[in-house]
Amino acid sequence: MPLPRLIPCLDVAGGRVVKGVRFRGLRDAGDAVSLAAHYSDAGADELVFLDVTATLEGRATLDALVERVANRVSIPLTVGGGVRSVADALRLLAAGADKVTVNSAALERPALIEELAVAVGSQAVVVAIDAEAGRVRSRAGTGATGRSAVEWAVEAAARGAGEILLTSIDADGTRRGYDLRLTRAVADAVDVPVVASGGAGTAAHVAAVLEVAQAALLASILHERRDRLRELRRELADLDVPLRDAA
Amino acid sequence: MRVAICDYGAGNVRSVSTALRRLGAQLVDDAEAADLAVLPGVGSARSAMSALREQGLDAVLRKRVAERRPVLGICLGLQLALEETEEDGGVRGLGLLPGRAARLRSGRVPRMGWSRVEPIGDAFYFAHSYAVETPAATAYAEGIVAEARSGSFVGVQFHPEKSGAAGARYLERCLFPG
């Protein structure tokens, strides 16, 4: 198995990072490119960009932002938010993304996953699942589907998803640890890698979820202070989590 | 160094060209005349192979290797260089490298993430569902062929253009060998 991955997640809107990130020393704290470069230099294994306005307001993710980030960093980039078609995915990949995430559009029309896998390869197709109490929610958590997250993950993988990005709405933002039960249930049910998201507050939380998932998404924990990612990597090394040597 | 990236519509051309340009390579279109030809590639073997043929790049690459001029294959570019791959029900490759590609049968597939490559000693980023079986392997990651060489062809299973500082060092050695 490849090494466990740490993946900072940047929520963007209109080309800028939203949510409180205001680090000293960055040229422009809200600028996605400087923040991406900062995380890349601090040892991020990949980066995820989610356009948080896209699905709700029907806006396409900003290709220009992806392009600027791709010109600056040389680690894998995953981009999502409002991907509804193969054309959307091709546009983002052409701009420099390595993978795209689909969420609501795939729930509405699951065949989209197959179309994407054929067009760009499974390795570039990430199906994002937002779950509350084990059930999938759509449209950035605002819509109930009644579907079991585990079953949807299995179907998504069977249709050609190359990775599952699993967010626990229950754990998200609590800083009290990842939803290990949900993450384990999904990881046990699929053969593709699982990226766990939601709930990281300490290095111990991250270490625990990396026992069950292949990667941990990091968001609010990184907003604490500028060097949090670097520190976190050191703390995880002390906990014997085998991260890559990013030098 | 003049480098041509084979753009046949199935590649991560953009990230490869960004990485090479950063290292001072001069990108040119003519894969025949360039000092180094790079064969990138993601996605499916069958469509990639037919696109290569349509553009006559298969002949260009074979000629380069016959003349012992450098070619670098990345990811699918490595697998297309083989004699065959079992992907898409079996596809004949370029035959620049002995061996075949077979579906990964253990672990999570796609195999995605960073893995330490020996004897290079750095971790690189991998994203693949097929792995190479070849007598020409020169480096491994967890028992999987990470690099193979035959004559003037070098192929890597990982993505040096997405492997941060280690990847840049690797590409730099390809650009400025010795």
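To keep things clear, this report deals only with the structure shown in the data block. Please read all numbers here as calculations on a predicted model, not as lab measurements.

1. Some points on the overall build of chain B
Alright, step 1. Along its length, chain B carries 5 helices and 13 strands.
Alright, step 2. Taken over C-alpha atoms, the radius of gyration comes to 15 Å for chain B, in line with the 16 Å a tight globule of 178 residues would show.
Alright, step 3. Taking the contacts inside chain B whose residues are at least 6 apart along the sequence as the reference set, 66% of them involve residues at least 24 apart.
Alright, step 4. For chain B, the computed accessible surface area is about 6,900 Å², with 48% contributed by carbon and sulfur atoms.
Alright, step 5. Across chain B, 22 positive and 20 negative side-chain charges occur, with their mean positions spaced 3 Å apart.

2. Quick word on the sheet that holds strand 3 (residues 36-39) of chain B
Residues and elements named next belong to chain B.
Alright, step 1. Reading across from one edge, 2-1-3-4-13-12-11 is the order of the 7 strands in this open sheet, with mixed pairing throughout. In this open sheet, the two strands that pair with only one neighbour each are strand 2 (26-28) and strand 11 (137-141). Strand-to-strand twist of the sheet, defined as the mean angle between neighbouring strand axes without regard to direction, takes the value 20°.
Alright, step 2. The pairing of strand 4 (residues 71-74) with strand 13 (residues 153-156) spans 4 bridges and is parallel. The residue bridging Val71 from the neighbouring strand is Phe153, located in strand 13.
Alright, step 3. Sheet contacts for helix 1 (residues 13-22): strand 1 (2-5), strand 2, strand 3 and strand 4; angle to strand 1, the most-contacted strand, approximately 170°.

3. Some words on the packing of aromatic side chains
Alright, step 1. Following the criterion strictly, the structure yields 5 aromatic pairs over all chains and no others.
Alright, step 2. Judged by centre distance (6.0 Å) and plane angle (65°), the rings of B:Trp114 and B:Tyr125 are edge-to-face. With B:Trp114 in strand 8 (residues 111-117) and B:Tyr125 in strand 9 (residues 122-128), this pair connects stretches of sequence that are 11 residues apart.
Alright, step 3. In textbook terms, an aromatic cluster arises when at least three aromatic residues are bridged by ring pairs, as seen for B:Phe124, B:Phe126, B:Phe158 and B:Tyr170.
Alright, step 4. Here the guanidinium or amino end of A:Arg244 rests over the ring plane of B:Trp114, the centre of that ring lying 3.5 Å away.
Alright, step 5. Positioned above the aromatic ring of B:Phe126 is the side chain of B:Arg111, whose terminal nitrogen or guanidinium carbon lies 4.6 Å from the ring centre.

4. Points about unusual backbone geometry
Alright, step 1. The step from B:Val109 to B:Pro110 runs through a cis peptide bond, and the omega angle for that step is 0°.
Alright, step 2. Although it is not a glycine, A:Asp240 sits at a positive phi angle of roughly 65°.
Alright, step 3. Relative to the elements of secondary structure, A:Asp240 occurs in the segment after helix 10 (228-238).
Alright, step 4. Judged by its relative accessible area of 67%, A:Asp240 falls in the exposed class.
Alright, step 5. Phi at B:Arg68 is positive, roughly 60°, even though this residue is not glycine.
Alright, step 6. The exposure class of B:Arg68 is exposed, given its relative accessible area of 62%.

5. A few points about the pattern of salt bridges
All names here are of chain B.
Alright, step 1. Within the structure shown, the criterion is met by 33 salt bridges over all chains.
Alright, step 2. The closest approach of N and O atoms between Glu142 and Arg111, which form a salt bridge, is 2.6 Å. Of this pair, Glu142 sits in the loop between strand 11 and strand 12 (144-150) while Arg111 sits in strand 8, and the two are 31 residues apart along the sequence.

6. Notes on the packing of helix 1 (residues 32-41) of chain A against helix 3 (residues 63-72) of chain A
Residues and elements named next belong to chain A.
Alright, step 1. Relative to each other, helix 1 and helix 3 sit at 35°, their axes nearing to 9 Å. Between helix 1 and helix 3 lies a crossing of right-handed hand. Note on element contacts: helix 3 touches helix 1 through Leu65, Arg68, Val69 and Arg72, opposite Ala32, Val33, Ala36, Ala37 and Asp41.
Alright, step 2. Residue classes in the contact of helix 1 with helix 3 are distributed as 6 nonpolar, no polar and 3 charged.

7. Side note on the packing of helix 3 of chain A against helix 4 (residues 86-95) of chain A
When two helices pack together, their arrangement is given by the angle between the helix axes and the distance between those axes.
Residue and element names in this part refer to chain A.
Alright, step 1. Packing of helix 3 against helix 4 brings their axes to within 8 Å, and their N-to-C directions diverge by 30°. Relative to helix 4, the element helix 3 is oriented roughly parallel. Facing Asp63, Val66, Glu67 and Ala70 of helix 3, the residues of helix 4 in contact are Arg91, Leu92 and Ala95.
Alright, step 2. Grouping the amino acids of the contact of helix 3 with helix 4 by side-chain chemistry returns 4 nonpolar, no polar and 3 charged.

8. Quick notes on the nonpolar core
Note on soluble globular proteins: their nonpolar side chains tend to be buried together.
All names here are of chain A.
Alright, step 1. Judged by nonpolar contacts, the single largest core of 79 residues is most densely connected at Leu47, Phe49, Ile164 and Leu218.
Alright, step 2. Here this core takes 6 residues from helix 1, the largest share from any one element.
Alright, step 3. Each residue touching Ile164, except ones within four places of it in the same chain, is listed here: Val127, Ile129, Ala153, Ala156, Val186, Val192, Pro193, Val194 and Val195.

About the criteria used
- Residues numbered from 1 in each chain as written.
- Chains lettered and ligands numbered in written order.
- Predicted model: local features only at pLDDT ≥ 70, side-chain atom pairs only at ≥ 80, totals over all residues.
- Heavy atoms only, no water.
- Helix = DSSP H or I, 4+ residues; strand = E, 2+ residues; numbered from the N terminus.
- Rg over C-alpha atoms; globule rule 2.2 N^0.38 Å.
- Contact = heavy atoms within 4.5 Å.
- Areas by Shrake-Rupley, 256 points an atom, 1.4 Å probe, with all protein chains shown as cover.
- Lys, Arg positive; Asp, Glu negative; His and termini not counted.
- Charge placed at Lys NZ, Arg CZ, Asp CG, Glu CD.
- Pairing = 2+ DSSP bridges.
- Axes fitted to C-alpha atoms, helices over the stretch in contact; angles between N-to-C directions.
- Phe/Tyr/Trp six-rings, centres within 6.5 Å; stacked < 30°, edge-to-face > 60°.
- Lys NZ or Arg CZ within 6 Å of the ring centre and 35° of its normal.
- Buried < 20%, exposed > 50% of the residue type's maximum accessible area, 1.4 Å probe, protein only.
- Salt bridge = Lys/Arg side-chain N within 4 Å of Asp/Glu carboxyl O.
- Left-handed = near helix turned anticlockwise from the far one by under 90°.
- Nonpolar A, V, L, I, M, F, W, Y, C, P; charged D, E, K, R; others polar.
- Parallel < 35°, antiparallel > 145°, perpendicular 65-115°, else oblique.
- Core = buried A, V, L, I, M, F, W, Y, C linked by side-chain atoms within 4.5 Å.

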